[in-house]
Structure formats: C-alpha cells, structure tokens
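One-letter residues, chain by chain:
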Amino acid sequence: MSTFTKINADIGRYRWTICLLIFFATTINYLDRQVLSYLAPDLSKEFGWTNSDYGNITAAFTFFYAISMLFAGRVIDKLGTKTGYIIAIVIWSLGAIMHAYSIQVGESFNSLIALAGIAAVPVSIAGFIISRAVLALGEAGNFPAAIRATAEYFPKKERSFATGIFNSGATVGAILAPLTVPWIASHWGWQSTFIIIGAIGFLWIGFWQVFYAPPHKQKRLSKVEFDYINSDVDAQDVVTSDTAAEPKTSWFQLLGYRQTWAFAFGKFMTDGVWWFFLFWLPTYLNAQYGMSVSGTALPLMILYGMTMIGSVTGGWFPTYFVNKGYSVFEARRRAMFFIALFPLVVLLAQPLGYISFWVPVLLIGIGASAHQAWSCNIFTTVSDMFPKKSVASIVGIGGFAGGMGGVVLTKLGGWLFDYYGSLGDVYTGYSIMFGICALAYLLALGVMTLLVPKHKLITDL
C-alpha cells in the first residue's frame, strides 16, 4: 500500500467524492459549450456564415461569460456552494437546449427590435448569439462554485491537485464532443444534438443534491477528515455556514489588492488561448487541411487527451517543489514558470505543419496541456491568498478578465482569418494567432510576479 493510499485510508476519502462530482460538472460544462464548435463548419454552410460571423457568435459567448463571471462569484458566495451550483447548471442546460431553437429565437428577437425601429439581424446569427448568452450566464457559475467547494473540502496542500483533477473534466468534455456530436448530428440532426447533450446537466443535479453538503453539515465526513481539511488554515477561515454569512467584501475593496490584479491579469492573458483552441481548432483543420467534421474527431480526441494529462500533472507539480522544502506559494510560482515554457512549442506548429497535420495537432496539444496545468495552479493561487468567504468573488473577477481576453482573441482571430483568407493566405493568419498563444503565459507570469513578488495572505477582509 502506497503512503498516499495509507494516509487517505487513515484520514478518510469523502472529500474526493466531492472532487468527483465537480469533475463531472466541469465535463458537462465543456461538453455543452463545445457542441457548436463541431457543428460550425456545417452550420456555416447552411446559414452562410463568414469567419467573422462565427467569430461574433463565439465572441458573444465569451463576452457574456465574462460579464456573468463578475456576478457569478458574488452569487455563489451569497447563496452558498450547493444552491449556487444547482442554479448555474439549470441555466446553462436550458441555454444549451435553446440552441436547437435558435431560428425561432432569432425570429422573435427581430420582431421585437423591429418594433423599436432597429434593423433586423440575420435570424440564425441573432438566435445563436442569444442562445450562447444564456449558456454563458449559467456556465459562468461552474468555476466559482468549483473553486469554493475545493477550498471548503481540501487543505491548501491538496487544492492544486484536486483542482487539477476536476479541471481535467474540461478535457474530458472536449474529448467527448468529437466522439458524440458528429454521430448524434448525423443520425438525428443538429437540433437534436443540442437537446440531448444539453439535458445531461439535469442528471448531475440529482447526484449533487444527495452527496453535497457543506463540510460542517456533512454526515458522511468523519471528524478526523474534517480536522485534516482545516489543518493548514487560520481558525477564522474555517467555514461554518453554507452561505458564509459574514459581511461581504465590496468589489472596490477586493480591487484594492495587488493579489486581485495579479490573478485577473493572468486570466486575461491566458483564458483566451484555451477558448481559441476550443472554438477554432476544428475550423483550422478544415481550412488548412480540408478535413471534414468527422475527420477531425480522432486528432482532436488525441489532442484533448493530452490536455487531461497536463491538468492532473500540473495539479501535482507544485507538490514536487513542496517536498523539496519550498513554501506552497513558492512551489506554485516555480511550477507555473516551468509550465509557461511549454506553450512556446506552438510557435513551430505552422513552420512544421507541411510535414503532416499531426505535427500542429501534437504541438498545439502540448500547448493546450500546458494551459490546463497553468489553469489549475492559477486558480489555486486565489485560495492561497484570500479567505474562503471571498474565493468565489475573486474567481469571478478573474473570470471576467479572462472572458474579456477571450473576446479580444476570438474577435482578432475571426478578423485575421477573413483578411488573410481573402488573400488566399490562411497560413499567415493562423501563424499570428499561434504566436500570441505561445507567448501569453510568460508575459502573464512576469506581470503577476511584479505585482505579487512574495506571498502575503489577506487577513483584513
């Protein structure tokens, strides 16, 4: 029996049940947002979308996601993890299903704005933008709730590993999308694809209702495990109510801390990279290599399979430095530096792409894996520096910044691909975008280090 297994057998393992539930929620979250990516080539032909049109639809998701993240964290902190998570997944599941009725939604929208004398928007574009907005509103609640639940159920030394595990759900969702979306669409049509996959979230709610309770109310949690969870936190940071009824901290007060700005800048610079990969890779393989939607399934499944390894390994990586005597903060920062070097290989994706489409797939896979490793560490810096009652709010602020970064990168991509595509030069447009994606992490870490060179726990909130 390994030391890890023995320790967990002595302490108890119920916290990992909560981690598993969050993992499945994150899987559903990413599966729902990925459906459009794999249907985009066919929908673009059906509705006559340009790259800029598709860019506007995906940018709408990232924009509304960003705005919603700002408020989602506050709502989660106010309602508590259990209720907040349920409300979030109900909204995003309804938003996912709503895509199936985008034409009707677009027609209704145009009828309304016509009454105000505003020119109509193409029906398909209006309908999908509104559906993406509802999806974004709900999906914004996933990470604030997940990070808060992790802070509730795990000691600081285990949080990045637990975050890496649940964050790998994003990878599993991305893998399931090419395996399920083309098959469902080919058998039952694109509308049924949105409905079937969107309904999965309602199944998760039943399990969450049964198995989650705040630690101090959790009957399945032993006292030994409860004490272990709170073994490396200050006494005032032990959560004793589901809704953290302590006085709330205003956004303006939270924005007064450099730690908040460091997290927000890191998210702004890097979240858009992941979303660019999610939303544009099927289109990239279609544009540069002429691959069909079904033809992209295997390479993208392998690519996202690589990112699952990155997520779990990235969550464990700081432990390597902790075992060498570094503090948790120093270990995490050192791990993030090495992780930030890996996306540089994406610079080679286009120069070496002539060999085979597998070359950019594997190189982008390394970069995307590094993003997932980076993500579970940057998320965990929040609970390293802020009390649990403020964690979801800080994650929300960072999520807003990350979403805005995603809007910028998505809009830029759509414009570049249309511009260079009109010149018959798809290669250059993607080269520019891959260059931005490769360098974003080192720039982000440099600014974060300037803002917060040493660890300082916020204790005056």
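Presented here is a report on the structure given in the accompanying data block. (Residues numbered from 1 in each chain as written. Predicted model: local features only at pLDDT ≥ 70, side-chain atom pairs only at ≥ 80, totals over all residues. Heavy atoms only, no water.)

### Section: the overall build of the chain
Each helix and strand in the chain was counted, giving 18 helices and zero strands. Here the C-alpha radius of gyration of the chain, 22 Å, is about what a compact globule of 461 residues would show, namely 23 Å. With the principal axes as the frame, the chain shows a C-alpha extent of 60 × 50 × 45 Å. Looking at the 461 residues of the chain, the share that counts as buried comes to 57%. (Helix = DSSP H or I, 4+ residues; strand = E, 2+ residues; numbered from the N terminus. Rg over C-alpha atoms; globule rule 2.2 N^0.38 Å. Buried < 20%, exposed > 50% of the residue type's maximum accessible area, 1.4 Å probe, protein only.)

### Points about empty space enclosed by the protein
Within this structure, the stated rule accounts for three cavities of 30 Å³ or more. One number sums up the size of the largest cavity: a volume of about 140 Å³. Counting only elements with at least two residues in the lining of the largest cavity, the list comes to α2 (14-47), α3 (51-79), α13 (258-289) and α16 (358-385). Tallied by class, the residues present in the lining of the largest cavity amount to seven nonpolar, five polar and three charged. (1 Å grid on protein atoms, 1.4 Å probe; cavity = no way out; pocket = protein on both sides within 12 Å on 5 of 7 lines; lining within 4 Å. Points joined across faces, edges and corners; volume = space filled by probe spheres on them. Nonpolar A, V, L, I, M, F, W, Y, C, P; charged D, E, K, R; others polar.)

### A look at the nonpolar core
If you look at the biggest cluster of nonpolar residues, it comprises 122 residues, and the most contacted ones within it are W204, F276, Y304, I364 and W374. Per-element accounting of this core gives the leading share, 17 residues, to α2. If we ignore the near neighbours within four places in the chain, the residues touching W374 are G266, T270, M336, I339, A340, Y441, A444, L445 and M448. (Core = buried A, V, L, I, M, F, W, Y, C linked by side-chain atoms within 4.5 Å. Contact = heavy atoms within 4.5 Å.)

### A word on the packing of α2 against α13
Across the interface, α2 lies against α13 with an axial gap of 7 Å and an inter-helix angle of 40°. Overall, the two elements α2 and α13 adopt an arrangement that is oblique. Across the interface between the two elements, Y30, R33, Q34, S37 and Y38 from α2 touch W274, W275, L278, F279 and P282 from α13. Residue composition of the contact of α2 with α13, grouped by class: seven nonpolar, two polar and one charged. (Axes fitted to C-alpha atoms, helices over the stretch in contact; angles between N-to-C directions. Parallel < 35°, antiparallel > 145°, perpendicular 65-115°, else oblique.)

### Section: the pattern of salt bridges
Tallied over the entire structure, the rule returns seven salt bridges. Residues E139 and R33 are paired through a salt bridge, measuring 2.9 Å at the closest nitrogen-oxygen approach. Of this pair, E139 sits in helix α6 (residues 123-139) while R33 sits in helix α2, and the two are 106 residues apart along the sequence. Assessed through its relative accessible area of 0%, E139 is described here as buried. (Salt bridge = Lys/Arg side-chain N within 4 Å of Asp/Glu carboxyl O.)

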